[in-house]
Structure formats: structure tokens, C-alpha cells
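# Close look at the chain arrangement
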Amino acid sequence: MELSARRQPPTVRLRRLAAELRSLRTAAGLTRDEVSEQTGINPATLYRIETAKVRPQRRTLMAMLDKYGVTDEDKRSELIALSRQAAQLGWLQAYESELPELYTTYISFEAEARSVRNYESLFVPGLLQTENYARAVIRGVLPLATDADVQARVEARMQRQESLRKTEPLRLWAILDEAVLHRLTGGPAVMAQQLDALVTAAGQPHVTLQVIPFTTGAHAGMPGSFVVMDFPDPADPALVYVDSMAGDLFLEREADVRRYTSTFEHLRATALDPTSSIKLIQEHAAAISQEGGTG
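Now for a description of the structure that goes with this document.

## Looking at the side chain of Gln129
- The topology assignment puts Gln129 in the loop between β1 (115-120) and α7 (131-141).
- For Gln129, a relative accessible area of 4% gives the class buried.
- A polar contact is formed between the side chain of Gln129 and the side chain of Arg157, at a distance of 2.9 Å.
- With near-sequence residues (within four places) excluded, Gln129 lies in contact with Phe123, Val124, Ala134, Arg157, Met158, Gln161 and Gln194.

## A word on the environment of Tyr103
- With respect to the element layout, Tyr103 can be found in helix α6 (residues 101-112).
- You can call Tyr103 buried: its relative accessible area is 10%.
- In sequence terms Tyr103 and Asp248 are 145 residues apart; their C-alpha atoms lie 8.6 Å from each other.
- The contact partners of Tyr103, leaving out residues within four places of it in the chain, are Arg153, Arg157 and Arg160.

## Describing the nonpolar core
- By size, the foremost hydrophobic cluster in this structure holds 35 residues, and its most contacted members are Leu128, Leu181, Leu195, Leu198, Leu209, Met229 and Ile281.
- Top element by residues in this core is helix α10 (residues 188-202). It accounts for six residues.
- Grouped together as the second largest cluster of nonpolar side chains are 17 residues, Ile49, Leu61, Leu65 and Val70 included.

## A closer look at the sheet that holds strand β4 (residues 226-230)
- If you trace the six strands from one edge of the open sheet to the other, you get β3-β2-β1-β4-β5-β6, paired in mixed fashion. Edge positions in the sheet fall to β3 (207-212) and β6 (247-251), since each of these pairs with one other strand and no more. If you compare each strand with its neighbour and ignore which way they point, the axes differ by 10° on average.
- Strands β4, β5 (239-244) and β6 of the sheet are contacted by α6, whose axis makes an angle of about 35° with β6.

Parameters at a glance
- Residues numbered from 1 in each chain as written.
- Predicted model: local features only at pLDDT ≥ 70, side-chain atom pairs only at ≥ 80, totals over all residues.
- Heavy atoms only, no water.
- Helix = DSSP H or I, 4+ residues; strand = E, 2+ residues; numbered from the N terminus.
- Buried < 20%, exposed > 50% of the residue type's maximum accessible area, 1.4 Å probe, protein only.
- Polar contact = N/O pair within 3.5 Å; in protein donor to acceptor, adjacent residues only side chain to side chain.
- Contact = heavy atoms within 4.5 Å.
- Core = buried A, V, L, I, M, F, W, Y, C linked by side-chain atoms within 4.5 Å.
- Pairing = 2+ DSSP bridges.
- Axes fitted to C-alpha atoms, helices over the stretch in contact; angles between N-to-C directions.

In C-alpha cells form, the structure reads like this:
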């Protein structure tokens, strides 16, 4: 039994389905090798299903549920529905073939999150970037990207921000190192516009913005940026995302989530309070304007 060859970016529902299937297999006292031998499901396929890398075809899922002794019709229907819903990517469907797999994975999780805690040491968080700033960041980070690649990423980044404008908007708590404010990404005019946009965004009740000033010295966020995502359903545990030159990481072990959550709490305590943070951002915006950057 095989899966569709089409790439399936992990979603919160696919992650939950994978956890449920791992739990059912363990409760049945079976190893993956035993399930593979007794059902004919390819071992690599079974591993990819249990790690939320692919969505099982209906017949594969039914074979697994039969093997695990799941006879309760309500439970079977619930898992079948979960598998079907896992394929729903919403607006991301239009960009699935144009964006890197790990980026679409991140976006799919973010789109279903209830809250995001984001620490950034170098950039304005993507959810708060203006279009011009986003374009400058993408061109700077990806100097070999084609115009089409840059445009697709910019459009996707702007679309992501719709989550802050929903009826029940995403709750965002962003902490920035002051270095983010000093780097004239895109030039003075673009940066002044971006700083003004940060001030506006911070005025929304579901957005909290803090800045760690240079005067703080060394702090817990210096090793690098990260995101902690929480989801509406208690069945979906928090997830940590770390973006680095070595590759993107998704961490979901309880110990890892606890470590990054603790680090974020340290950063909250270290940073200026929201009111003082906005004042600092406004001072930077005014300084840029005085230099003629917005003319």
C-alpha cells in the first residue's frame, strides 16, 4: 500500500492524526516492522505517516485501524475525517509548488495557531513586515532568487498577515532586539515606513510588542530567533520553530517546548515594557525622518 506521490505539507490536523496512529499502534503492542509485515504497508511509508510527513490514503488508514483493533465507528469516523481535513491548505494551496517545503510547513502551522510568541534578533517578524520591507529582506537573504521567487514569497508573507485581521485574530507577542531597528533594511524610507507600521500594529489589542535595548547587554535571545506556537485544541501540543543557516527545525518534545517557553519568559522580563518599547521605536523613526529618509 502506497501514498499519493504529491507532497503534503504537515498541518496541525496531520500532526494530530500521526500522534493518534502512533498511540494506537503502541496500545496494540505492535512495532512498525510488525505492522508493515502484517499489512503490506511499506515500512518507509508507515514511518512517514507516523511522523506527519505524509497523509495516508483512505485504504491505508483503514488497514491500520483494522490492525490496531479500532472497532468503534465513532472513533474510526473521527480519524477518517481528521485525515481528510489534513489535506486542506486554504490559501496556501496556490503557493504550495512555489515555496520551499519547510516554509509551507511553517505557514500551515501558523495559520492554525491560536497564539504566536516570536523573538527576532535581526528582522521584523514576518507577520508585521510591510511589503517593501519584506521584499528587501527576501532579496537580501536570497541574493540568487529570481524575481518570480521573490514575488511569490512576498505575496505569501502578506497573505499570512490576514491571520491578524480575522474575526478571532491570531494573538502575537513579538520581542525584538534593538538591532532590528538600527538596520536600514531597504533604505531609510522603507525602514521609516516599517517602524511606523510597527507602532500601528502594536496598537491592536491582540498584538504585544517589546524591544530589548542595547543597554541590556547580553541576554538569553542572543543565540538566535525562534517562534513558539500554541493551538486552540488541547490535543495539539505547542510547537517550536527555529530558523537557522543550518536548516529549519520544528521541535515538539515537551522538554524543548518548555526550554524555549522559559527563554521567552526571560526575554519578556528583560525587554522594555510595551509602552517604552513603542517610544523607542518612535524615536528611531523620527531620527530616520530627520535625516531626510522619508523625503
